[in-house]
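Spelled out from the first residue to the last, the chains are:
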Amino acid sequence: MNILYLTSAIEQKDYEEFQKSWMKPLNCSNQLFHSRLISSLSNNNVINVISFRPFNKMCSMHKLEYEEKENGNIKWFYLKEKKNTLFNYFSVYKQFDSILFKLTNIDIVLFDSMNVIIGSFAQKLKSVGYKIIPVCTDLPENIQGVNQTYIDFVYKHSLNADGYIALSEGLNEKFNHDGKPYAIVNGILTNQSVSSKELEYENYFLFSGALMKKYGLYTCIDAFKKLNNPKIKLLLCGHHGDVEYLKDYIKDSSNIIFLGYIENDLVRKYETNSIANICPRPLNENIDLYSIPSKCIEYLSSGSILISTKNPLLMPLFKEEVLWSDEDENSLKDQMIKAISLSKEERKELTNKAKEKMNKLYSPDEIANKLGQLFSKIIG
């Protein structure tokens, strides 16, 4: 099958270099999900990816050059962009039409529903007869700092789609009002190898990703402080909106270390070698009824223990394989103590069960097969 994929994601190895050009690190969860979905689909399809890369004043580059590149069954088209809204408006449309002219026999179009520019291009294709499927990864009203116009356009651009890919049943219900065919993809494993670099730290807990108060960062730090074990470290890596506040909060704890943004393959190596990876995100029904924390999917495939606050979508799937915590720091501290006390045999049993379930649910082959069935229903 020949698939056209419209996204802001780029090839993962390009993304690591692209990230260096930003004064404030990009949130990589969207990048990881879409790049992994593209990779999974390439197992048995030809994928043409048109990438509308993120680009604004926070990027130190003056412009983004047009580029085409191939990697196996995937062909990437990176659009040229400048920090000029008027230029981009006309230039991107012209580039899009030029690329589309080169592509023949497109069977189906997948697009990132959260990007309204991409959604408008998808609707343009729908109007001339293409089959379109939005990839629904979040509720637009949960995105910080957006206005009602943005929210309305996200839903509008997905209204008359031919099918849907969603992270959860709840998200599908929000977007798919007409009972069209759909597939649920909670997460996707990666075949990417871990870094060959030597780790600077050992004997640690790890919290990586979006280091925000609303995701339980300071509950995690306070729980670790209560652990009061100078032989063990807490490593924090990812992006934080107020780095100075975070540094001040941990300045009296020499065994709490903020690594900042580090490359994904190195993050994965830290995940693989931790005492436990921690997801302390408190329950928010507006979020957790619609999506599984992407970091939990990554942590469960790492081969290390996962300590997580209770998640209504994840708990039924991994009732025994995760050390489940309440949202308070004392409960989280107790689960840290339990993780430390596990024998090698107990750790191996937990992690092996988790990895076995993960492969059945989220391996690239499983995802590709599930979506292949969806495409067959749509195309016939």
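Scroll up a little and you will see the structure.
This one's a predicted model, so the numbers in the text were calculated from it and none came from an experiment.

## Thoughts on the sheet that holds strand β16 (residues 323–325)
What the six strands build is an open sheet, ordered β13-β12-β11-β14-β15-β16; its pairing is parallel. Whereas interior strands pair on both sides, the edge strands pair on one side only; in this sheet they are β13 (256–260) and β16. Each adjacent strand pair in this sheet contributes to an overall mean axis angle of 25 degrees, direction not counted. Relative to strand β11 (residues 204–210), helix α9 (residues 264–272) is tilted by about 145 degrees, and along the sheet it contacts β11, β12 (233–239), β13 and β14 (276–279).

## Points about the packing of aromatic side chains
Across all of its chains, the model carries 12 aromatic pairs by this definition. Here the aromatic rings of W76 and Y78 are separated by 6.0 Å at their centres, their planes lie at 55 degrees, and the arrangement is tilted. Taken individually, W76 and Y78 each receive the classification buried, so the pair is uniform in this respect. Centroid distance Y245 to Y249: 6.0 Å. Interplanar angle 35 degrees. Geometry classified as tilted. Remark: Y249 and Y245 occur in helix α8 (residues 243–250); sequence separation between them is four residues, near one turn of the helix. Residue Y245 is classed as partly exposed on the basis of its relative accessible area of 43%.

## A closer look at the pattern of salt bridges
Counting across every chain of the model gives 18 salt bridges. Between E11 and K69 there is a salt bridge, with the nearest N and O atoms lying 3.5 Å from each other. Pair noted here: E11 is in the loop between β1 (2–7) and α1 (12–19) and K69 is in strand β4 (residues 67–71), with a separation of 58 residues, a long-range link. Overall, E11 belongs to the buried group, its relative accessible area being 8%. The closest approach of N and O atoms between K20 and E17, which form a salt bridge, is 3.3 Å. On the basis of relative accessible area, K20 is assigned to the exposed category, the value being 55%. Taking the relative accessible area as the measure of exposure, E17 reaches 49% and is therefore partly exposed.

## Side note on the sheet that holds strand β10 (residues 182–184)
Reading across the sheet, the eight strands line up as β4-β5-β2-β1-β7-β8-β9-β10 and stay open at both edges, with mixed pairing between neighbours. This sheet does not close on itself; its edge strands, each paired only once, are β4 and β10. Within the sheet, the average angular offset between the axes of one strand and its neighbour, ignoring direction, is 15 degrees. Here strand β9 (residues 164–166) pairs with β10 via three bridges, running parallel. Along β10, the bridge assignment pairs A166 with I184. Seen against the sheet, helix α2 (residues 29–41) touches β1, β2 (46–51), β5 (74–78), β7 (108–112) and β8 (132–136) and runs at an angle of roughly 175 degrees to β1.

## A short note on the environment of I143
Inspection of the secondary structure puts I143 in the loop between β8 and α5 (148–156). Given a relative accessible area of 31%, I143 falls into the partly exposed group. Distance from I143 to M114, taken between C-alpha atoms, is 9.3 Å for residues 29 residues apart in sequence. Setting aside anything within four residues of it in sequence, one finds I143 in contact with M114, D138 and Y150.

## Side note on helix α13 (residues 344–362)
A rise of 1.5 Å per residue sets the reference length of α13, with its 19 residues, at 27 Å; its end C-alpha atoms lie 26 Å apart and thus fit the reference within 8%. R347, L350, T351, A354, M358 and Y362 are the residues of α13 that are buried. For α13, the angular spread of buried residues about the axis comes to 90 degrees, placing them on one side. In α13, the exposed positions that point more than 90 degrees away from the buried face belong to E345, K348 and K360. Elements in contact with the buried residues of α13: α11 (294–300), β15 (305–309), β16, α12 (329–341) and α14 (364–379).

Cut-offs applied
Residues numbered from 1 in each chain as written. Predicted model: local features only at pLDDT ≥ 70, side-chain atom pairs only at ≥ 80, totals over all residues. Heavy atoms only, no water. Pairing = 2+ DSSP bridges. Helix = DSSP H or I, 4+ residues; strand = E, 2+ residues; numbered from the N terminus. Axes fitted to C-alpha atoms, helices over the stretch in contact; angles between N-to-C directions. Contact = heavy atoms within 4.5 Å. Phe/Tyr/Trp six-rings, centres within 6.5 Å; stacked < 30°, edge-to-face > 60°. Buried < 20%, exposed > 50% of the residue type's maximum accessible area, 1.4 Å probe, protein only. Salt bridge = Lys/Arg side-chain N within 4 Å of Asp/Glu carboxyl O. Expected span 1.5 Å × (residues − 1). Arc of directions from axis to C-beta.

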